[in-house]
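Structural characterization, general
Take a look at the letters that make up each chain.
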Amino acid sequence: MSRSRPLLYSLLTVLLLPGPIASQPVGRPPLTGAQVMQALREGRGVGHARRALQQLDGPVSRAVQDELADSMVAFVRGMSGSMARSEANNVVTKSIVYAIGISGLRDQAAGSKPYAGAGERLFQLALIIDRSLVASTVYLMSEVADRSEALALLRRFATTSNPVAYQSIMHLAQMEAVGMRSLRSLRDQNLVTEPNAKRILHAIASEQEWVKRL
Amino acid sequence: MGRVRPVVRFYLCLVVAVGSAAGVSCADAPQATTEPLIDWGLVARGTSGPIDPPCGGGAPAIAPLGPLALDSAAPTLAAFDDCEDFITLVCTEYVAWGDNGSCWVNTSHIYYSVSSWNFDNGNPNDPLVVSHPSGLTWSGPMVASGTVSAWVTPPGGSPIPVSASITVGPRAPLSWASSVGGRKGNPNEIDPCFPTYGGDSVAGGFTSGKDCSAGVLYQALFSPALPNHTSWYTTATVASGPNKGLVYVNSVSATMQIRTQLNRLFRPDGPAFAVSSNGQVSNACHAVFGNFNARTHAETNTQCFGTNWGYKLNFEAFVATTWAHEGRHMDSALVAARSPAGDLHALVSPFVKQNTTELTASTFGAFYDAYDHVLTRSLSSHTGGTDTFGPVLRFVGSPSSWTAATLSVSQ
């Protein structure tokens, strides 16, 4: 340690004053969707909603969780046109995607419980957000705690015309037998229409010998 | 200057007066002292001896206990010229990413206790919060900026909050630009990944990552092909201090090595087909090779007929156009991978998360977003339209035979 530290102490002591006195959080009332919307409108972010979805500040009813998540989806839906595609809004959208996505992960950090409504909200988001964020949204959808829900969501998304629908096919193919069965039925029923998704599904079908190989 | 409440100040003065051998009260404190510096660290350890009151001009502030105090001369608080007691949280104002940051409570009196240290990055969209139970100092490696706060409790008093900010410099940017590359594939490279369409329709060329494989990974671009296949980054957890427990990406090893390839069917190392199915082909090849051995598409088109019928010219044009087409896919992929939205190293290296779960979700999400960006840009090298080459000889049909046909390459 340098001998000059006392001087540094003195300078810092003078320059860095204590911040304002903060009050300790005590027994806050449950967050509401309106508050979340207001916070988003004011650029204050979704940290509090995210904690509520993960039940990190105590138990939160499913109804309240749904209200919070729906308000976040509604906020994204409310951004239209070029505004929705702006970099600043992409940051907000990304934070919403991850707030909901992380709350739904089956592998949760200590003290947190998966939010069971995450998958459906991620699905809705994937259909309306900027292309640059869809792939990670689909990934988070594939990781929701309820595997059968993940399967159903991926299957639904694979049948959309979204240009990232192909990522659903990729994730389904990684879900082993149950995913492959789903892919086969998608192919048999000709439900996949997006060209890239169709291409990948065909490649899988060829490899699985659902079709004649050359 | 953050003043403590009057009731607290009075109490502290009383304690100091009692503890001072000279019996100097706060009210009597001189405005300028010439007293030698006192080893406040020793005082904090309870050694007896004369103690200056902590108020009055030039009165020393409390040196932090523990390692920070061991080799320090007692710091002084310049221009502290009245009898006010103080509690200040002092933090390293700026640290380079990964360097140590320190915070300590600077008080006018040694009998304060510090509890409930907290760090908060203040980002409601990506919150990072760390808590620490006690101690007069809090220091350790810093990877995230934020505000450190502490609750300081005077003897018998109520906790008083103090806070200070630490700014962490940006991490040296990582980039995979030097790990990204591509070239024409050698024979057999990415061959198993070629899409098959059934019937006589085949892809003339293909572009993919070197680690592609049949099926879902047939157009894998990155290595590893999927984020959960092998570890492509290492993580580290901050061991101590205000960022203790935060998890970050330590290093990234993912790469992208693109290969372009011509369908083996049209390469010189491709499969050979019996010439007997077509008398004209059979005779022509026999005239050149002196036997009726099976021939590849390359041999049949470029050698058996010489320059007659245009087979050689058309086939070579098809091959050259296909390589060029795939080369455009590769070039587009490389440009995309080196752009901010495609540079996987750059995307994940700033990640600092509360726990491994969140870090994994973020890095894997970034992997898929980057993949989509690169794939999209790579595919967008199609400009529309089709170049058609013919006649060329192909071994097609059912039963298959050598037939004059056309080959197409989309532009």
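A separate point is the overall build of chain B. Counting its secondary structure elements, chain B contains eight helices and 17 strands. In chain B, buried positions account for 45% of the 411 residues. Partitioning the intrachain contacts of chain B with sequence separation of at least 6 by distance along the chain shows that 64% fall at a separation of at least 24.

Each helix and strand counted, chain A has 12 helices and zero strands in total. Listing the helices and strands of chain A from first to last along the sequence gives α-α-α-α-α-α-α-α-α-α-α-α. The 214 residues of chain A split such that 45% are buried. Across chain A, the fraction of contacts at a sequence separation of at least 24, relative to all contacts at a separation of at least 6, is 62%.

All right, on to the confidence of the model for chain A then. Residues and elements named next belong to chain A. Per-chain confidence: chain A averages 82 in pLDDT, with 81% of residues scoring 70 or above. Of all helices and strands in chain A, the one with the weakest mean pLDDT is helix H1 (residues 5-15) (37), whereas helix H9 (residues 147-158) scores best (97). Residue range residues 1-26 is modelled with pLDDT below 50. Its contacts to residues more than four positions away, or to other chains, number 41 contacts.

Looking now at the sheet that holds strand S3 (residues 100-107) of chain B. Residue and element names in this part refer to chain B. Reading across from one edge, S1-S3-S6 is the order of the three strands in this open sheet, with antiparallel pairing throughout. Sheet topology places strand S1 (87-91) and strand S6 (137-141) at the edges, where each strand pairs with a single neighbour. Across the sheet, the mean angle from the axis of one strand to that of its neighbour is 10°, orientation sign disregarded. Bridge count between S1 and S3: five bridges; the pairing is antiparallel. Opposite Val90, over in S3, you have Trp104 as the bridge partner.

Residue and element names in this part refer to chain A. Here Leu186 is to be found in helix H11 (residues 176-188). Between the C-alpha atoms of Leu186 and Glu209, which are 23 residues apart in sequence, the distance is 15 Å. The contacts of Leu186, once residues within four sequence positions are left out, are Arg155, Ala158, Thr159, Leu191, Val192 and Leu201.

With that settled, consider the nonpolar core. Grouped together as the largest cluster of nonpolar side chains are 129 residues, with contacts concentrated most on A:Met72, A:Met141, A:Ile169, B:Val105, B:Val148 and B:Leu344. The element best represented in this core is helix H8 (residues 356-379) of chain B, accounting for nine residues. Counting only domains with at least three residues in this core, you end up with domain 1 (3-168) and domain 2 (181-410) of chain B. If you look at the next biggest cluster of nonpolar residues, it comprises 21 residues, including B:Val275, B:Phe315, B:Phe389 and B:Val392.

Attention now goes to the pairing of strand S13 (residues 247-252) of chain B. All names here are of chain B. Note that strand S12 (residues 233-237) and S13 share five bridges and pair antiparallel. Following the sheet pairing, Thr235 is matched in S13 by Val249. Pairing geometry for S13 and strand S15 (residues 352-353), over two bridges, is antiparallel. Directly across from Val247, in S15, lies its bridge partner Lys353.

All names here are of chain B. For strand S10 (residues 205-209), the buried fraction is high: five of the five residues fall into the buried class. As defined by bridge partners, S10 adjoins strand S14 (residues 255-262) across five bridges and the pair is classed as antiparallel. Bridge pairing in S14 places Thr207 opposite Thr260.

Quite often, the size of an interface is put as the accessible area lost when its parts meet. Residues and elements named next belong to chain B. Once the domains are mapped, chain B shows domain 1 (3-168) and domain 2 (181-410). Taken residue by residue, the interface counts 15 residues in domain 1 and 12 residues in domain 2. Mapped onto the side of domain 1 that touches domain 2, the elements with two or more residues apiece are S3, strand S5 (129-134) and S6. Residue contributions to the side of domain 1 that touches domain 2 peak at four residues, all from S6. Here the side of domain 1 that touches domain 2 is built from residues that sort into 11 nonpolar, four polar and no charged.

What counts, and where the lines are drawn
Residues numbered from 1 in each chain as written. Chains lettered and ligands numbered in written order. Predicted model: local features only at pLDDT ≥ 70, side-chain atom pairs only at ≥ 80, totals over all residues. Helix = DSSP H or I, 4+ residues; strand = E, 2+ residues; numbered from the N terminus. Buried ≥ 20, exposed ≤ 12 C-beta atoms within 10 Å, placed from the backbone. Contact = placed C-beta atoms within 7 Å. pLDDT = per-residue confidence, 0-100. Pairing = 2+ DSSP bridges. Axes fitted to C-alpha atoms, helices over the stretch in contact; angles between N-to-C directions. Core = buried A, V, L, I, M, F, W, Y, C linked by C-beta atoms within 7 Å. Domains from an automatic or database assignment. Nonpolar A, V, L, I, M, F, W, Y, C, P; charged D, E, K, R; others polar.

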